[in-house]
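# Summary of the model geometry
So the chains spell out like this:
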Amino acid sequence: MLKHTPFYPRTAPLMEGQAWRRWAGYVVASSYELLHDREYHAIRSSAALLDVSPLYKYLITGPDAERLLDRVVIRNVGKSKVGQVLYTAWCDAAGKVIDDGTISRLGEQTFRMTAADPNIRWLHLNATGLNVTIEDVSESTAALALQGPNARVILQQLTDADLTALKYFRLTPATIRGIPVTISRTGYTGDLGYEIWVDAPNALPLWDVLIEAGTPYGITPCGILALDVARLEAGLMLLEVDYISAHRALIESQKSSPFELNLGWAVSLDKAWFVGKAALEEEARRGAAWQFVGLEVEWDSLERLYAAVGLPPRLPTVAWRTSVPVYSGGEQVGYATSGCWSPLLKKYIALAHVRSEVARPGTPLAMEVTVEHRRKQAAARVAKTPFFNPERKRA
Amino acid sequence: MLKKATRYDAIVIGGGHNGLVNAAYLARAGKRVLVLERRPRVGGAAVTEEVFPGFKFSMFSYVVSLLRPEIIRDLDLPGHGLHILPLESTVTPMLNGDYLAAWADHDATRRELVRHSPRDAEAYDEYGRLMHHMARAVKPIISMVPPDPTSLSPRDLLGLLRLGKHFRGLGAEQFHALFKLMTMSSADFLDEWFETDVLKATKSASGIIGTFLGPRSPGTAYVLLHHYMGEIDGVFRAWGFAKGGTGSVSEAIASAARNFGAEIHTDAPVARVLVKGGRATGVALENGEEIRARVVVSGLDPRRTFLQLVEPNELPGEFVDDIKRFKFRGSSGKVNLALGALPNFTCMPGNGPHLRGAVSISPNLEYVERAYDDAKYGEFSRQPYMDVVIPSLIDPGMAPPGKHVMSIFVQYAPYNLNGGWTDAKREAFGDAVIDTIAQFAPNIRSCILHRQVLTPADIERITGLSEGNIFQGELALHQLFFLRPAPSWAKYRTPVRGFYQCGSGTHPGGGIMGASGRLAALAVLEDGV
Ligand SMILES: Cc1cc2nc3c(=O)[nH]c(=O)nc-3n(C[C@H](O)[C@H](O)[C@H](O)COP(=O)(O)OP(=O)(O)OC[C@H]3O[C@@H](n4cnc5c(N)ncnc54)[C@H](O)[C@@H]3O)c2cc1C
């Protein structure tokens, strides 16, 4: 049986089309309304409220909590301050990415780690000999993401915590109308936004006060379809869609290193030791064979392909998640793994793995598109990610 | 103060959205461009103003439907802040307390239509397909310089040939439909398809916007198509409500123009175009200052462009006569309301999703035709056709939290009102609008905090649009394509060398489209500035 998140009693009545989908053993909304348009625009124009409870969450405590995390992940956890959140990936011994997520430093010896996949076994395997407690709090901690330009005004009405002082990727304990929560300035939309972490029994009162305070500011419950478009605009990758966990890959070529996923900036080779360090040092010297890049499909090319069959261009308003060949001069040089029409940017964007030689922004490539059942190639260009990066995200 | 020493390649008179598009394209081509706008802000009929403290209005035009995708791309308008939000539904309250709704979701709309007529529900899809084909057939025209059918120049002949081929490609059935669209009234055209009166009334209403014609007047069917054109760009989704109001469309274009190097001056009314030896050499501002440029482009309507900015003796008499005959006949007004609470429509009580879309006051065809009857005889409609939207529900930033703005586009309000427009007449017109809405949403009066009533005379006074015509001249067939604004002068050039026109008074016409501004810029560049 799939599980319901603690917000289910509120989200279920909103489901106009019963468009549920699975996420880590839970059912969550694809979209609440029949179309996801309004939910998407809420992320970019007002505020969207997302139930992100299905994330795996681990509470890691004890004198060696920091050491454990520094052994496991590629970023330098020791350098983080209390109240800081790190986005990071973690690798196997061969330096191939297992998963990515965030590490929140709640105290000197207290961390919360989020992940897309279960990682409890991996954490335990690496904790041998360490004085640390690893607790799976996935079910007992509920989480909401409040994302969009109005997120701050809405939240600030409900809490004494000074949200203007709360910087990007920082967190603070707070109470929201008396409910104890942690507020982190994080999210998966690339916009101004917060994630609110709450004990599951307080989930419903939290939802209610947010809706009440947010309604004059256009708060809109938002499902995964809208989020998928927003995260693509933000250039954020998704496990099992854009890359395969080294723990699940069946063959070597399915795996990716952090360098190949555009996460080179996060690899802290100055750390004493962490899983995969040796391999990553070697790769850093050699240079990665692949890069993970943004693509912009060129409109004129798309329009020509469709005009040839007498149609206006068909655009993917729902993000696709399949592997699509990418070419350079007729030769396949990579594959796109997700893409969509950006309703905001008015551009067809995609994320793709390409050979390093053709990864520089501006490089002309071609992406396969299916036009009336036939495979065609549309001109595309390597683009800098994030495709959309508003100042308010960090301001 | 302007630097006198600067020598501009082009001066654009009027910072309406077309003037701005024109300036942006010229600047993008490396030209030194100066835009001179009479008002304190750019935008013309596409402006957002905080009319009452905290309440922002798209004062005049309020929805974006035809803004050319190529302009959005070429100028990277999203990068300059353009964000178009979906305006998803249309609900028409009926006199018997029922309603007709069109929702964003196709199945939901069909089910709704079945309630009124299962036959119409089926016809609806077929009609939609036909209009799609028609709109696709006509669409290339709005992005091309209209060829002159009386000219024998290879250019025009080639253009006509291409058009001819294009139309032959339609096939007999579609060609006939196109011919009908060009000649019939919207009511007659819709009669061929549907039996539900309220459906026909609501659809035909879109055919009369900005014209001094009723739903039973021949030629209005074509305007139906004009509005479908926005829908085929539907995939591109340029249809909806601009975040921040339509002024943000103008601001985005202005920002793009500046980014390409154009200078934009506001509070800079131009008195006249300087002409020497049949050639434009610059402009004189109302404050007497003169600025030189190699070419001058007017974004004003044809009447102002030719009868106000240029001395009559610089123009051929026949041409002046044509321009004098160009019909404006403004017929629309606008009422902007600041609301403390939301209206409660009897047909759909409560704050449902219908309030986030348009509410069309067009309960039946006779209602709309009668509204026109009043105007024909020089009165404003006592029971007008109205298109009502509440932008603050789509973009909460338009009003203080929990409060709202309502935009009401009203037809008919004739420019030439019997006895002329006075303050009293304006208020009476405003009262007629509110009284009519109150028939469908009885609590409306208690919701109103402030009210702004704009008559065609006000529209003319504020935006400069002659006779308050929202499209810089009626979108009637005899004023379209190679006849807009006058035969032989429909290609953005004018009888004065170096003087160009780029406003909605040129092909392809009105609406926040930008096409005139772009095509005029291409004409200027082609002539080699
Ligand atoms: C009430 C109303 C509602 C409308 N609703 C819609 C709608 O919902 N959707 C839509 O697409 N269209 C709508 N329209 C039509 C649309 O707004 C216009 O067709 C379009 O904005 C015209 O743009 P333009 O640039 O061609 O001309 P304008 O906007 O008329 O620009 C001309 C500019 O020139 C300036 N000017 C005038 N004289 C001088 C001078 N002597 N010196 C310097 N500057 C001068 C004016 O101030 C103005 O800024 C509406 C119009 C009105 C009035």
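Residues numbered from 1 in each chain as written. Chains lettered and ligands numbered in written order. Predicted model: local features only at pLDDT ≥ 70, side-chain atom pairs only at ≥ 80, totals over all residues. Heavy atoms only, no water.

Looking only at helices and strands, one finds 17 helices and 18 strands in chain B. When the backbone C-alpha atoms are referred to their principal axes, chain B occupies close to 65 × 55 × 45 Å. Relative to its 529 residues, chain B shows a buried fraction of 62%. Counted over contacts in chain B with a minimum sequence separation of 6, partners at least 24 positions apart contribute 72%. (Helix = DSSP H or I, 4+ residues; strand = E, 2+ residues; numbered from the N terminus. Buried < 20%, exposed > 50% of the residue type's maximum accessible area, 1.4 Å probe, protein only. Contact = heavy atoms within 4.5 Å.)

Now for the site of the ligand. In the neighbourhood of the ligand, 34 residues make up the surrounding shell, with Asn 18, Glu 37, Val 63, Ser 504 and Ile 512 of chain B lying closest. Mapped onto the shell around the ligand, the elements with two or more residues apiece are α1 (17-28) and α16 (456-463) of chain B. (Near = heavy atom within 4 Å.)

A word on the nonpolar core. One finds Tyr 127, Phe 189, Leu 225 and Ile 408 of chain B to be the most contacted residues of the largest nonpolar core, which totals 113 residues. Of the residues forming this core, the biggest block, 12 residues, is contributed by helix α4 (residues 118-142) of chain B. Not counting residues up to four positions away in its chain, the partners in contact with Tyr 127 of chain B are Phe 189, Leu 190, Trp 193, Phe 194, Lys 203, Leu 224 and Tyr 228 of chain B. Ranked by size, the runner-up nonpolar core spans 47 residues in total, among them Ile 74, Leu 232, Leu 280 and Phe 388 of chain A. (Core = buried A, V, L, I, M, F, W, Y, C linked by side-chain atoms within 4.5 Å.)

Quick look at unusual backbone geometry now. Following Gln 411 of chain B, the chain continues into Tyr 412 of chain B via a peptide bond in cis, with omega recorded as 15°. Its place among the elements puts Tyr 412 of chain B in the loop between β16 (404-411) and α14 (423-440). For the bond running from His 507 of chain B to Pro 508 of chain B, omega is 0°, close enough to zero to count as cis. With respect to the helices and strands, Pro 508 of chain B occurs in the loop between β18 (499-501) and α17 (515-527). Phi at Gln 18 of chain A is positive, roughly 50°, even though this residue is not glycine. By secondary structure assignment, the location of Gln 18 of chain A is in the loop between α1 (8-11) and β2 (20-23).

This part takes up the domain arrangement of chain A. Domain assignment breaks chain A into domain 1 (8-55 + 139-222), domain 2 (57-136) and domain 3 (252-256 + 289-383). Look at where the C-alpha atoms of domain 2 of chain A and domain 3 of chain A centre, and you get two points 35 Å apart. (Domains from an automatic or database assignment.)

Our next topic: the packing of aromatic side chains. Per the counting criterion, the structure on display carries 20 aromatic pairs over all chains. Each residue in the set Tyr 124, Tyr 127, Trp 193 and Phe 194 of chain B is aromatic and connected to the rest through ring pairs, giving one cluster. Over the face of the ring belonging to Trp 290 of chain A we find Arg 355 of chain A, whose NZ or CZ atom lies 4.9 Å from the ring centre. Its end group placed over the ring of Tyr 99 of chain B, Arg 115 of chain B keeps NZ or CZ at 4.7 Å from the ring centre. (Phe/Tyr/Trp six-rings, centres within 6.5 Å; stacked < 30°, edge-to-face > 60°. Lys NZ or Arg CZ within 6 Å of the ring centre and 35° of its normal.)

Residue and element names in this part refer to chain A. Strand order in the open sheet made by the five strands is β6-β7-β8-β5-β9, with antiparallel pairing throughout. With one partner strand each, in any of the chains shown, β6 (85-91) and β9 (133-136) form the two edges of the open sheet. Here the average twist between neighbouring strands, direction ignored, is 25°. With four bridges connecting them, strand β7 (residues 97-107) and strand β8 (residues 110-115) associate as antiparallel partners. Bridging across to β8, Ser 104 finds its partner in Arg 112. (Pairing = 2+ DSSP bridges. Axes fitted to C-alpha atoms, helices over the stretch in contact; angles between N-to-C directions.)

Residue and element names in this part refer to chain A. Spatially, the six strands close up into a barrel ordered β15-β18-β17-β16-β19-β20, and their pairing is antiparallel. Along the sheet, successive strands turn relative to each other by an average axial angle of 45°, direction set aside. In this structure, strand β15 (residues 290-297) lies alongside strand β18 (residues 347-355), joined through eight bridges in antiparallel fashion. Pairing of Val 297 across the sheet is with Tyr 348, part of β18. Sitting on the sheet, helix α9 (residues 299-307) is in contact with β15, β17 (331-342), β18, β19 (364-371) and β20 (374-383), with an inclination near 170° to β20.

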